[in-house]
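Each chain is listed here by its residues.
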Amino acid sequence: MWQYLGYTARLRRIGPRLEVTLGDITAECVDAIVNAANETLLGGGGVDGAIHRAAGPELLAHCRTLGGCPTGQAKITPGFGLPARSVIHTVGPIWHGGSHGEAELLASCYQESLARADEVGAASIAFPAISTGVYSYPVAPATQIAIDTVRSTSTKVELVRFVCFNDEALHAYRAILGPMP
Ligand code: AR6
């Protein structure tokens, strides 16, 4: 009986490995990095500005053809000058106090980004802390949603890296995931 349970546990898909790091997402050598964009997909500040600068002007030219992206959805482009092969542009919710569907929209960003990654066969993906900068989503609940959603979403992605740009985000991820080796 116990042998049988052990055998099925090994066979069961256990989801992607999760890693946390402090750094600049534009330097990530993964199949796809995620951009915390706005609905125009035409660039902006924060991680969006950094990704467009690092990818080069071809990225903006490509984004102009996409017709924007609704909040909670995600669209994929090549990475152009980035080490990553693809950029998945998702639009997080602006924080309006938490009673305007922010949590569901933020979870949808992670689900839709993983869906785009699966569509191109990406095995590794790096996420920034979507919505926690200019869009003011509080870091602790945003981090919980990021981790819970990635853990509960069915995907073929094998490695998910959460790339934190400051100590507050890093501590929030480590508080849930524990210290990284
Ligand atoms: N690498 C990783 N994370 C970064 C980087 C980077 N290079 N730069 C900033 N962050 P934000 P949002 C972190 O404001 O809140 C843009 O103007 C940052 O510290 O980039 O979703 C868009 O065009 C924070 O933890 O995205 C939209 O208008 C996280 O990335 C709007 O901002 C998200 O901060 C989107 O706001």
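Notes on the structure in this doc start here. The structure displayed is predicted, hence computed values, not measured ones.

If you check the shell around the ligand, you find 21 residues, and the closest are Asn38, Gly45, Val47, Asp48 and Val134. In this structure, an oxygen atom belonging to the ligand sits 3.1 Å away from a side-chain N or O atom of Thr132. Within the backbone of Gly133, an N or O atom sits 2.8 Å from an oxygen atom of the ligand. Within the complex, 91% of the 700 Å² of free accessible area of the ligand lies under protein. Mapped by element, the contributors of at least two residues to the shell around the ligand are strand S2 (32-37) and helix H2 (46-55). Top contributing element to the shell around the ligand by residue count: H2, with four residues. Classifying every residue of the shell around the ligand gives nine nonpolar, ten polar and two charged.

Further remarks concern the pairing of strand S6 (residues 159-164). Among the six residues that make up S6, six are buried, leaving the element largely enclosed by the rest of the structure. Side chains Leu159, Arg161 and Val163 of S6 all project onto a buried face; the interleaved residues Val160, Phe162 and Cys164 project onto the opposite face, where all are buried too. Looking at chain direction, strand S1 (residues 17-22) and S6 are connected through six bridges and run parallel. Across the sheet, Leu22 pairs through a bridge with Cys164, a residue of S6. Examined bridge by bridge, strand S5 (residues 124-127) and S6 share four bridges and lie parallel to one another. Residue pairing for S6: Phe127 is matched across the bridge by Phe162. For the segment spanning S5, helix H5 (residues 139-152) and S6, crossover handedness is right-handed.

Moving on, we come to the packing of aromatic side chains. By convention here, two paired aromatic rings are described through the distance between centres and the angle between planes. All chains considered together, the criterion is met by four aromatic pairs. Geometrically, the ring pair formed by Tyr110 and Phe127 is tilted, given 4.8 Å between the ring centres and 45 degrees between the ring planes. Remark: Phe127 occurs in strand S5 and Tyr110 occurs in helix H4 (residues 102-119); sequence separation between them is 17 residues. The pair formed by Tyr110 and Phe127 is uniform in burial state, with each residue classed as buried. One aromatic cluster is present, built from ring pairs that chain together Tyr110, Phe127, Phe162 and Tyr173.

Looking now at the pattern of salt bridges. Taken as a whole, this structure holds six salt bridges when the rule is applied. As a salt-bridge pair, Glu19 and Arg17 come within 3.1 Å of each other at their nearest N and O atoms. Here Arg116 ties to Glu119 by a salt bridge, and the two come within 3.0 Å at their closest N and O atoms. Placement of both Arg116 and Glu119 in helix H4 is noted, with a separation of three residues, approximately one turn of the helix. Residues joined in a network through salt bridges with shared partners are Arg17, Glu19, Glu28 and Arg161.

Looking only at helix H6 (residues 167-177), the buried set comprises Ala169, Leu170, Ala172, Tyr173 and Leu177. The buried residues of H6 all sit within an arc of 160 degrees when viewed along its axis, so they share a single face. For H6, the exposed residues lying more than 90 degrees away from the buried face are Glu168, His171 and Ala175. A positive phi of about 85 degrees marks Gly178, the residue just after H6.

Procedures and definitions
Residues numbered from 1 in each chain as written. Predicted model: local features only at pLDDT ≥ 70, side-chain atom pairs only at ≥ 80, totals over all residues. Heavy atoms only, no water. Near = heavy atom within 4 Å. Polar contact = N/O pair within 3.5 Å; in protein donor to acceptor, adjacent residues only side chain to side chain. Areas by Shrake-Rupley, 256 points an atom, 1.4 Å probe, with all protein chains shown as cover. Helix = DSSP H or I, 4+ residues; strand = E, 2+ residues; numbered from the N terminus. Nonpolar A, V, L, I, M, F, W, Y, C, P; charged D, E, K, R; others polar. Buried < 20%, exposed > 50% of the residue type's maximum accessible area, 1.4 Å probe, protein only. Pairing = 2+ DSSP bridges. Right-handed = clockwise from strand over helix to strand, strands pointing away. Phe/Tyr/Trp six-rings, centres within 6.5 Å; stacked < 30°, edge-to-face > 60°. Salt bridge = Lys/Arg side-chain N within 4 Å of Asp/Glu carboxyl O. Arc of directions from axis to C-beta.

Purely geometric numbers; function is a separate question.
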